[in-house]
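# A look at the structure
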Amino acid sequence: MAVVIDRSKCIYCGACVATCPYLALRLKETYVEVIPEKCTECQLCIKACPVGCISLPGKDNESKR
Ligand code: SF4
Ligand code: SF4
């Protein structure tokens, strides 16, 4: 399991990429890529995202806090 990013809401700020301690997020040309094998579901990126577009499937809408 890994986090999912809603690309329609993402403003491409890079905060999640800078926050992830496990390098599971990567800035691509036009979107943020999640590398599922590296994600530990620590949810730090969810808290870091200013628009709340990162979520963890199965743990409904913790991004909204
Ligand atoms: S949940 Fe943690 S490990 Fe997974 S992408 Fe977010 S910050 Fe990285
Ligand atoms: S923190 Fe949120 S808005 Fe910023 S790049 Fe990551 S997913 Fe997109």
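### Some remarks on the overall build of the protein chain
Within the protein chain one finds 2 helices and 4 strands. Traced from its N-terminal end to its C-terminal end, the protein chain shows the element sequence β-α-β-β-α-β. Within the span of the protein chain, comprising 65 residues, buried residues form 18% of the whole. Excluding contacts between residues fewer than 6 apart, the proportion of contacts in the protein chain whose partners are at least 24 apart in sequence is 49%.

### Some points on the site of ligand 1
Close contacts around ligand 1 come from 13 residues, with Cys-20, Ala-24, Cys-39, Cys-42 and Cys-45 the closest. A per-class count over the shell around ligand 1 returns 9 nonpolar, 3 polar and 1 charged.

### Structural notes on the nonpolar core
Within the largest apolar cluster, 11 residues are counted, these being Val-3, Ile-5, Cys-16, Cys-20, Ala-24, Leu-25, Val-32, Cys-45, Ile-46, Cys-49 and Ile-54. Non-local contacts of Cys-16, meaning those with residues more than four positions away in its chain, are made with Leu-25, Val-32, Cys-45, Ala-48, Cys-49 and Ile-54.

### A few points about the environment of Pro-36
As for its position among the elements, Pro-36 is in the loop between strand S3 (32-34) and helix H2 (44-48). A residue is classified by how many C-beta atoms lie within 10 Å of it, and Pro-36, with 10 of them, is exposed.

### As for the environment of Glu-37
Position of Glu-37 relative to the elements: it lies in the loop between S3 and H2. Each C-alpha atom, one on Glu-37 and one on Ala-2, is 7.8 Å from the other, the two residues being 35 residues apart in sequence.

### Comments concerning the environment of Tyr-31
The residue Tyr-31 is located in the loop between strand S2 (25-27) and S3 in this model. What makes Tyr-31 exposed here is the crowd of 12 C-beta atoms within 10 Å. Measuring from C-alpha to C-alpha, the distance between Tyr-31 and Cys-10 comes to 8.0 Å, with 21 residues separating the pair along the chain. The contacts of Tyr-31, once residues within four sequence positions are left out, are Arg-7 and Cys-10.

Cut-offs used in this document
- Residues numbered from 1 in each chain as written.
- Chains lettered and ligands numbered in written order.
- Predicted model: local features only at pLDDT ≥ 70, side-chain atom pairs only at ≥ 80, totals over all residues.
- Helix = DSSP H or I, 4+ residues; strand = E, 2+ residues; numbered from the N terminus.
- Buried ≥ 20, exposed ≤ 12 C-beta atoms within 10 Å, placed from the backbone.
- Contact = placed C-beta atoms within 7 Å.
- Near = placed C-beta within 6 Å.
- Nonpolar A, V, L, I, M, F, W, Y, C, P; charged D, E, K, R; others polar.
- Core = buried A, V, L, I, M, F, W, Y, C linked by C-beta atoms within 7 Å.

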